Amino acid sequence: MIGDSRIAASLGLVLMTAWVSTAFAQSASAPKTVTQQFDRSVAGPERACLALANAMPADRYDFVPRNGEFTGVRSFAQLAKHIAVDNYLNGAALLGEKSPVDSGAHENGPDSIQTKAQVLTFLQDSFTYLHKAVATVNDRNLMELVDYPGGGRVSRLAVVASAISHPWDIYGQMIEYMRMNGIDPQAAH
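Just so you know, these numbers come straight off a predicted model, no measurement behind them.

**Some details on the packing of helix 3 (residues 76–95) against helix 5 (residues 156–180)**
- Where helix 3 contacts helix 5, the two axes come as close as 10 Å, and the packing angle between them is 175°. By the angle between their axes, helix 3 is roughly antiparallel relative to helix 5. Contacts from F76, L79, A80, H82, I83, D86, N87, N90, A93 and L94 in helix 3 reach R156, V159, V160, S162, A163, H166, P167, I170, Q173, M174, Y177 and M178 in helix 5.
- Residue composition of the contact of helix 3 with helix 5, by class: 14 nonpolar, six polar and two charged.

**Remarks on the pairing of strand 1 (residues 145–148)**
- Only one face of strand 1 is covered, namely the one carrying V146 and Y148; the face carrying L145 and D147 has none of its residues buried.
- Sheet topology note: the strand 1/strand 2 (residues 152–155) ladder contains four bridges and is antiparallel. Across the sheet, residue V146 finds its bridge partner in strand 2, namely V154.

**Re the packing of aromatic side chains**
- Counted according to the given criterion, the structure contains five aromatic pairs.
- Judged by centre distance (5.4 Å) and plane angle (85°), the rings of F63 and Y177 are edge-to-face. Taken as a pair, F63 in the loop between helix 2 (34–55) and helix 3 and Y177 in helix 5 lie far apart in primary sequence, 114 residues in all.
- F63 sits in the buried class, given a relative accessible area of 11%.
- Their ring planes at 40° and their centres at 5.2 Å tell us that Y88 and Y129 sit as a pair that is tilted. Residue Y88 is found in helix 3, and its partner Y129 is found in helix 4 (residues 116–134); the two are separated by 41 residues along the sequence. Assigned by exposure class, Y88 and Y129 land together as buried.
- Counting every residue linked through ring pairs, the aromatic cluster contains Y88, F122 and Y129.

**Thoughts on the nonpolar core**
- In terms of nonpolar packing, the biggest core is built from 50 residues, with Y61, L123 and M174 touching the most fellow members.
- Elements represented by at least two residues in this core include exactly helix 2, helix 3, helix 4, strand 1 and helix 5.
- Per-element tally for this core: the top contributor is helix 3, with 12 residues.
- With near-sequence residues (within four places) excluded, Y61 lies in contact with A53, N54, M56, S75, F76, A77, K116, V119 and L120.

**A look at the side chain of K81**
- Assignment of secondary structure puts K81 in helix 3.
- Looking at K81, its side chain comes within polar contact range of the main-chain oxygen of P110, at 2.9 Å.
- Ignoring sequence-local partners within four residues, the contact set of K81 consists of N108, G109, P110, D111, I113, V119 and F122.

**Focus on helix 4**
- Over its 19 residues, helix 4 extends 27 Å from the first C-alpha to the last, a length consistent with the 27 Å expected when each residue adds 1.5 Å.
- Looking at helix 4, one finds that the buried residues are V119, L120, F122, L123, S126, F127, Y129, L130, H131, A133 and V134.
- Buried-residue contacts for helix 4 involve helix 2, helix 3 and helix 5.

Thresholds, definitions, all that
- Along each chain, residue indices are assigned from 1 in the same order as the chain's sequence is written.
- Local features are withheld for residues below a pLDDT of 70 in this predicted model, meaning they are given only at 70 or higher, and side-chain atom pairs are given and counted only at 80 or more; totals for whole chains, interfaces and linings count all residues.
- Only hydrogens and water are removed before side-chain values are computed, so all heavy atoms of the structure are retained for them.
- Note on method: axes are straight lines fitted to C-alpha atoms, helices fitted across the in-contact stretch only, with angles between N-to-C directions ranging 0 to 180 degrees.
- Strands are runs of DSSP state E lasting at least 2 residues, helices are runs of H or I lasting at least 4, and numbering of each runs from the N terminus.
- Note on terminology: angles under 35 degrees are roughly parallel, angles over 145 are roughly antiparallel, angles of 65 to 115 are roughly perpendicular, and the others are oblique.
- Contacts between residues were defined by any pair of non-hydrogen atoms, one from each residue, lying within 4.5 Å.
- Classification convention: Asp, Glu, Lys, Arg as charged; Ala, Val, Leu, Ile, Met, Phe, Trp, Tyr, Cys, Pro as nonpolar; all other residues, Gly among them, as polar.
- Three labels apply to residues, based on accessible area from a 1.4 Å probe with only protein chains included: buried if under 20% of the type maximum, exposed if over 50%, partly exposed otherwise in between.
- Following DSSP output, two strands are said to pair if at least two bridges run between them.
- Only the six-membered ring of Trp is used, alongside the rings of Phe and Tyr, when aromatic pairs are assigned; centres must lie within 6.5 Å, and planes under 30 degrees apart are stacked while those over 60 apart are edge-to-face, with the rest tilted.
- Within this scheme, the nonpolar core is defined by two criteria: the residues are buried Ala, Val, Leu, Ile, Met, Phe, Trp, Tyr or Cys, and they are joined through side-chain atoms within 4.5 Å.
- Think of a polar contact as two N or O atoms within 3.5 Å of one another; within protein, one of them needs to be a possible hydrogen donor and the other a possible acceptor, and neighboring residues in sequence only count if both atoms come from side chains.
- By this rule the span expected of a helix is its residue count minus one, scaled by 1.5 Å.

Structure below.
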């Protein structure tokens, strides 16, 4: 009986230590500010979209669906470049700058960016720019209005919400393109 109580006490101590350690680790890495939370929220689609862009073979970057009503849809490369263009537009709005990238009428990114390596660099650089822009948003300026291309004046919060949600929409399309090419998108992560 005494041995059982010592084992139970030891087990309780181990579990308590594990719980405290886990709680400490989670609180140490948890965002402490709005800015940190937004930056972390941008990092999610960044990792996911770059993983898919890396996993798609270079010779399939020009893939567009052919079976059905798919006239005028973007290629896989254009999907990735569209995310980048949008990242630059959102970042520029937050920074109060002109976008460093001419989005053109189609928002598919510069036609000069064609190879997988170029697309990956363009996409990664756009997320770097977006992180820089999101770093300027805090709890004091969250509701300030900024000029948004084609959208008039909107709050900085609305721009950040768009910057976080839009890549996920395109990510879903990228997943479907990969599946249509017999590639398991889960293997990309």
